[in-house]
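# Close look at the chain arrangement
Spelled out, the chains give:
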Amino acid sequence: MASLAFLTPVIDLIFPPRCPLCGDALAQQGGLCAACWTKLAVPGEPACSTCQRPLADSMVRSGEVQCAPCMAEPPGHAGIAAATLYNDTSRELVLAFKRGKRIALADLLTRLMVRRLPDLEGEWLVIPVPLHRWRLWERGFNQSALLAERIAKTIRQPLVVDGLERRKRTPSLGGLGKRARAEALRGAITAHPRRADRLKGAKVLLVDDVMTSGATTDACLAALRKAGAGEVRIACFARVHDEALDQAGRADAPLAA
């Protein structure tokens, strides 16, 4: 398809570039203003090599290190790549994208997520966290699927948008504790039976918008393990770590799927 870049001046004239958070003028479409950029909390170093939990400098001597929770209870995934830590600014972006139906924000969120991904050798199946069909009907789209589609295209890996399915409609997870979330998700997510052959032995990049307690991720991991998938890594836009938000700014209750 021919490039439509020549239309950019016309689009900018009709729809002047604006910051999606504060509305300030921008030089070009698809970004944030300088002030809003600085309010995003990007995971830094040192951090846990598995879950990106921030660590104190005194805890890191050399090489990769894991946090105490990951050492005590090793997760079923091979690592998390989070574009941001969950705070008020990332929450506003997700709200605008998911509930405000500002689908164009998917490109911005995807760019930030791809920057955090490690080098992925060989073939990886890009699979989104699924929505129940009724939630999909109510919202009109699966935000994780939109992100997964763009990530797969960017890193040139195959997208399996229906690799997982949510068979049981779960209540809103917002405000629930980790144990209550896990109970609500029990048996809710399974591997799609028509994708069983493709999942067996495959390396999977699981995509979500916000990772909170990890209950949804754990349910997806259990379904992928049952299907025989191999290594699984997680990519999300915002990662909730309460201890990491002391200086980044507190946010309201994390958003549920």
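Starting from 1, residues in each chain are numbered consecutively following that chain's sequence as written. Owing to the predicted nature of the model, reporting of local features is limited to residues with pLDDT of at least 70; listing and counting of side-chain atom pairs is limited to 80 or more, with chain, interface and lining totals taken over all residues. Note that water and hydrogens are dropped before the side-chain values are worked out from all heavy atoms of the structure.

Turning our eyes to something else, we now look at the sheet that holds strand E1 (residues 80-85). Strands pair, by our definition, only if DSSP identifies at least two bridges between them. Counting from the N terminus, the helices are the DSSP runs of H or I reaching at least four residues and the strands are the DSSP runs of E reaching at least two. The four strands are arranged E1-E6-E5-E2 in an open sheet whose pairing can be described as parallel. Of all strands in the sheet, those bounded by a partner on one side alone are E1 and strand E2 (124-128). Strand-to-strand twist of the sheet, defined as the mean angle between neighbouring strand axes without regard to direction, takes the value 15 degrees. Examined bridge by bridge, E2 and strand E5 (residues 203-211) share five bridges and lie parallel to one another. Along E5, the bridge assignment pairs Pro-128 with Val-207. In what follows, residue pairs with any heavy atoms lying within 4.5 Å of each other are defined as contacts. What counts as an axis is a line fitted to C-alpha atoms, over the stretch in contact for a helix, and the angles between N-to-C directions run from 0 to 180 degrees. Against the sheet, helix H10 (residues 215-226) touches E2, E5 and strand E6 (232-239), its axis set at about 165 degrees to E5.

Here we come to helix H5 (residues 105-116). The terminal C-alpha atoms of H5 lie 18 Å apart, and with twelve residues this matches the ideal 16 Å at 1.5 Å per residue to within 8%. Where H5 is concerned, the buried positions are Leu-105, Ala-106, Leu-108, Leu-109, Thr-110, Leu-112 and Met-113. Those residues of H5 that are buried are in contact with helix H2 (34-39), E1, helix H4 (88-98), helix H7 (143-155), E5 and E6. What a helix should span is 1.5 Å times the count of its residues minus one. Whether a residue is buried, partly exposed or exposed follows from its accessible area with a 1.4 Å probe, protein chains only, as a fraction of its type maximum: under 20%, in between, or over 50%, in that order.

Within H4, eight of the eleven residues are buried, which leaves it mostly tucked inside the rest of the structure. Among all positions of H4, only Thr-89, Ser-90, Arg-91, Leu-93, Val-94, Ala-96, Phe-97 and Lys-98 are buried. For H4, the N-terminal cap is Asn-87; the gap from its side-chain oxygen to the backbone nitrogen of Thr-89 is 3.2 Å. Polar contacts, as counted here, are pairs of nitrogen or oxygen atoms within 3.5 Å of one another; within protein the pair requires one atom able to donate a hydrogen and one able to accept it, and residues that are adjacent in sequence qualify only if both atoms are side-chain atoms.

Before going further, it helps to spend a moment on the environment of Leu-93. Take Leu-93: it is sitting in helix H4. Of the residues examined, Leu-93 reaches a relative accessible area of 0% and is grouped as buried. With 72 residues separating them in the primary sequence, Leu-93 and Leu-21 have C-alpha atoms 7.0 Å apart. Beyond its immediate sequence surroundings of up to four residues, Leu-93 is in contact with Pro-20, Leu-21, Leu-32, Leu-40, Leu-105, Leu-108 and Phe-237.

Right, let's talk about the packing of H5 against H7 for a bit. The geometry of H5 relative to H7 is characterised by a closest axis approach of 9 Å and an angle of 55 degrees between their N-to-C directions. In terms of orientation, H5 and H7 fall into the oblique class. Classified by chirality, the crossing of H7 by H5 is right-handed. Two secondary-structure elements touch here, H5 through Ala-106, Asp-107, Leu-109, Thr-110, Met-113 and Val-114 and H7 through Leu-147, Arg-150, Ile-151, Thr-154 and Ile-155. Note that the term roughly parallel is reserved for angles under 35 degrees, roughly antiparallel for angles over 145, roughly perpendicular for angles of 65 to 115, and oblique for everything else. Should the near helix be turned anticlockwise from the far one by less than a right angle, the crossing is left-handed, and should it be turned clockwise, the crossing is right-handed.

Every case where a carboxyl oxygen of Asp or Glu lies within 4 Å of a side-chain nitrogen of Lys or Arg is listed as a salt bridge. All told, the structure shown has seven salt bridges when counted by the stated rule. Arg-150 serves as the salt-bridge partner of Glu-149, at 3.8 Å between the closest nitrogen and oxygen. Given the relative accessible area of 42%, Glu-149 is considered partly exposed. Via salt bridges that share partners, Asp-107, Glu-149 and Arg-150 belong to a single interconnected network.

Summarising the element assignment, Gln-157 is placed in the loop between H7 and strand E3 (164-166). For Gln-157, the side chain forms a polar contact with the main-chain oxygen of Gly-122, separated by 2.9 Å. In this structure, Gln-157 is in contact with Leu-120, Gly-122, Glu-123, Trp-124, Val-126 and Ala-152, ignoring residues within four places of it in sequence.

Before going further, it helps to examine the pairing of E1. Of all six residues in E1, six are buried, a share of seventy percent or more. Across five bridges, the pairing between E1 and E6 is parallel. In the sheet register, Ala-81 faces E6, and the bridge partner there is Ala-235.

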